[in-house]
Amino acid sequence: MTGRAAVVPAANVVHIEEIPIPGPIGPNEVLVQTECTFISAGTELANFTGLDPGVNVPGSWNHFPARPGYANCGRVIELGSDVESLAVGDRVFTQRKHVSHHLVAVDDPDTMVVPVPADVPSDLAAAVRMGMVAITAPQVADNNVNDWVVVFGLGLVGNLAAQLFQLDGARVIGVDPVPARRQLAHRVGIQRVIGDDMTDIASQVRDITGGGAQTVVEAVGHAGVAETAIHAAAPFGELILLGSPRAPVTADLNEFLQPVHKSWVAIKGALEHRLPINPTTRGHPRSIAGNARIILNLVSSGRLRLAELISHRLPANQIAAAYDGLLNKPNEYWGVALDWR
């Protein structure tokens, strides 16, 4: 019996190949059979298209040929002799790849295994990964209840960040030039959405808010968007870089830094990988696994709208079509779950 895994041998090429099912199982390991994985339209597609320079650096985590993915929900089918925290049949969320079977060491501090609530379907559980990226923005933000928050970019991460800020009591404005993304944001409860006219969008924000937002979030991962977004911040406000900038941009740094110098606007990073993977008694009080539990709870309770953010549920062997849709048909594809069952 063999398993399956996605592989990206070179830029813009992906296919499913047969692999051995991992084993034998160690005393502190569990064997998980994947039910669903979720595609990250940011980092994962940046690797797939070769936009991230690491794909050509031998030894880097995403070097070609690469096995993509990091959002996996599966069911435990075998337990190691010393595992007491899980049972056969339990569903778990892990950061494993697009693969049909995988071993997880439950005692490894650098590996997370989070039980999935019974009322959260496996496709949503896999998509929780995007919420884990988004939640760091409100966690690093310095805003109060009823403050204005503007999120530039309403892809899945930006949409979820906007929802999370609203749950914290902020008045949120979403900004995106793509009509389908604005419509989707409205559908999940983001009340103020602009972007049909991107001309001087920062001035539009200042007009709505009466002077600028306390917190401005760049959720696209593009330095050019950050250059515009910073001018939507109020004096003493903040710009949070939630997306990872990759594409080179030619810009006037003097113009970009004016709000920092003259209006004391702070610039913060919100990369989730600064957090420890699992809770620790020392260092940062939060963790990536802890954030996964938060997002799963919010989805289970219905407070975070995630189901609407999945546009397609495809068999795993259609991953090439999924990548093509996310890259080239943004009005149709915005979130894709892959079914491995």
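Model, not experiment: these values are computed from the prediction.

(A) Fine view of the overall build of the protein chain. Of regular secondary structure, the protein chain possesses 10 helices and 15 strands. Its C-alpha atoms give the protein chain a radius of gyration of 20 Å, within 12% of the compact-globule value 20 Å for 341 residues. Expressed as lengths along the three principal axes of its C-alpha atoms, the size of the protein chain is roughly 60 × 40 × 35 Å. Counting across all 341 residues of the protein chain, residues that qualify as buried make up 50%. Residue pairs at least 24 apart in sequence account for 67% of intrachain contacts in the protein chain once pairs closer than 6 positions are excluded. Averaging the coordinates of the 25 positive side-chain charges in the protein chain and doing the same for the 33 negative ones gives two points 3 Å apart.

(B) The arrangement of the sheet that holds strand 11 (residues 213–218) in detail. Reading across from one edge, 10-9-8-11-12-13 is the order of the six strands in this open sheet, with parallel pairing throughout. This sheet does not close on itself; its edge strands, each paired only once, are strand 10 (192–194) and strand 13 (266–269). Between one strand axis and the next, the sheet turns through 20° on average, direction left out of account. Bridge analysis of strand 11 against strand 12 (residues 233–241) gives five bridges, and the strand direction is parallel. Each residue of the ladder has a partner; that of Thr215, found in strand 12, is Glu238.

(C) Geometry of unusual backbone geometry. Note that the residue after Gly23, namely Pro24, is joined by a cis bond; omega there is 0°. Considering the arrangement of structural elements, one finds Pro24 in the loop between strand 2 (13–20) and strand 3 (29–38). Here the residue pair Phe64 and Pro65 is connected by a cis peptide bond, since its omega of -5° sits within 30 degrees of zero. Examined against the element boundaries, Pro65 turns out to sit in the loop between helix 1 (43–48) and strand 4 (72–79). Positioned with a positive phi, Trp264 is a non-glycine residue whose angle comes to about 55°. Here Trp264 lies in the loop between helix 8 (253–263) and strand 13.

(D) Structural view of helix 2 (residues 122–134). Val128 marks where helix 2 bends most, by close to 25°. Buried residues dominate helix 2, accounting for 13 of its 13 residues.

(E) Broad picture of the packing of helix 2 against helix 4 (residues 156–167). At a closest axis distance of 8 Å, the pairing of helix 2 and helix 4 adopts a crossing angle of 65°. Between helix 2 and helix 4 the crossing geometry is right-handed. Contacts from Met130, Gly131, Val133 and Ala134 of helix 2 reach helix 4 at Leu156, Val157, Leu160, Ala161 and Leu164.

(F) Focus on the nonpolar core. Judged by nonpolar contacts, the single largest core of 57 residues is most densely connected at Phe38 and Val217. Counting residues per element, the ones that place at least two in this core are strand 3, helix 2, strand 8 (148–152), helix 4, helix 5 (179–187) and helix 9 (288–301). Residue contributions to this core peak at nine residues, all from helix 2. The residues touching Phe38, leaving out its near neighbours within four places in the chain, are Glu44, Ala71, His98, Ala126, Ala127, Met130, Leu156, Ile310, Gly335, Val336 and Ala337.

(G) Examining the packing of aromatic side chains more closely. Scanning the model with the defined rule gives two aromatic pairs in all. When the centroid spacing of 4.5 Å and the interplanar angle of 65° are considered together, the rings of Phe48 and Tyr323 count as edge-to-face. Residue Phe48 is found in helix 1, and its partner Tyr323 is found in helix 10 (residues 319–328); the two are separated by 275 residues along the sequence. Overall, the relative accessible area of 0% leaves Tyr323 in the buried class.

(H) Structural view of the side chain of Asn62. In this fold, Asn62 is placed in the loop between helix 1 and strand 4. Note on Asn62: relative accessible area 3%, which makes it buried. Not counting residues up to four positions away in its chain, the partners in contact with Asn62 are Asn47, Asp52, Gly54 and Val55.

(I) Spatial organisation of the pairing of strand 1 (residues 2–10). Taken together, the seven bridges between strand 1 and strand 2 define a ladder with antiparallel strand orientation. Directly across from Ala5, in strand 2, lies its bridge partner Glu17. In sequence, strand 1 turns back onto strand 2 through a hairpin of two residues, with Asn12 there showing a positive phi of about 65°.

(J) Focus on helix 10. Turning to helix 10, its buried residues number three or more, namely Ile319, Ala322, Tyr323, Gly325 and Leu326. Relative to the axis of helix 10, the buried residues are bounded by an arc of 165° and lie together on one face. Here the buried face of helix 10 lies against strand 1, strand 2, helix 1, strand 14 (312–315) and strand 15 (336–339).

Procedures and definitions
- Along every chain, residues carry numbers that run from 1 in the direction the sequence is written.
- A pLDDT threshold of at least 70 governs which residues receive local features in this predicted model, and a stricter bar of 80 or more applies before side-chain atom pairs are shown or counted, although totals over entire chains, interfaces and linings include all residues.
- Hydrogens are left out, water is left out, and the side-chain values use all remaining heavy atoms of the structure.
- Secondary structure elements are defined from DSSP: runs of H or I of at least 4 residues count as helices, runs of E of at least 2 residues count as strands, and each element is numbered from the N terminus.
- For the radius of gyration, the atoms used are the C-alpha atoms, and the globule rule reads 2.2 Å times the number of residues raised to 0.38.
- Exposure classes here rest on a 1.4 Å probe applied to the protein chains alone. A residue is buried below 20% of its type maximum, exposed above 50%, and partly exposed in between.
- In this analysis, two residues are considered to be in contact whenever any of their non-hydrogen atoms come within 4.5 Å of each other.
- Neither His nor the chain ends is counted toward charge; the positive residues are Lys and Arg and the negative residues Asp and Glu.
- Charge placement uses NZ in Lys and CZ in Arg. For Asp and Glu, CG and CD serve respectively.
- DSSP calls a pair of strands paired once it identifies at least 2 bridges connecting them.
- Comment: axis = line fitted to C-alpha atoms, over the contacting stretch for helices; angle = value between 0 and 180 degrees taken between N-to-C directions.
- Values of bend correspond, residue by residue, to the angle between axes fitted over the seven residues ending at that residue and the seven starting there.
- Crossing handedness is read from the near helix: turned anticlockwise from the far helix by less than a right angle, it gives a left-handed crossing, and turned clockwise, a right-handed one.
- Put simply, buried Ala, Val, Leu, Ile, Met, Phe, Trp, Tyr and Cys residues joined by side-chain atoms within 4.5 Å make one nonpolar core.
- Stacked, tilted and edge-to-face pairs are distinguished by plane angle, under 30 degrees for stacked and over 60 for edge-to-face with tilted covering the rest, among Phe, Tyr and Trp rings (Trp via its six-membered ring) whose centres lie within 6.5 Å.
- It is the directions from the helix axis to the C-beta atoms whose arc is reported.

What is shown is where atoms sit, not what they do.
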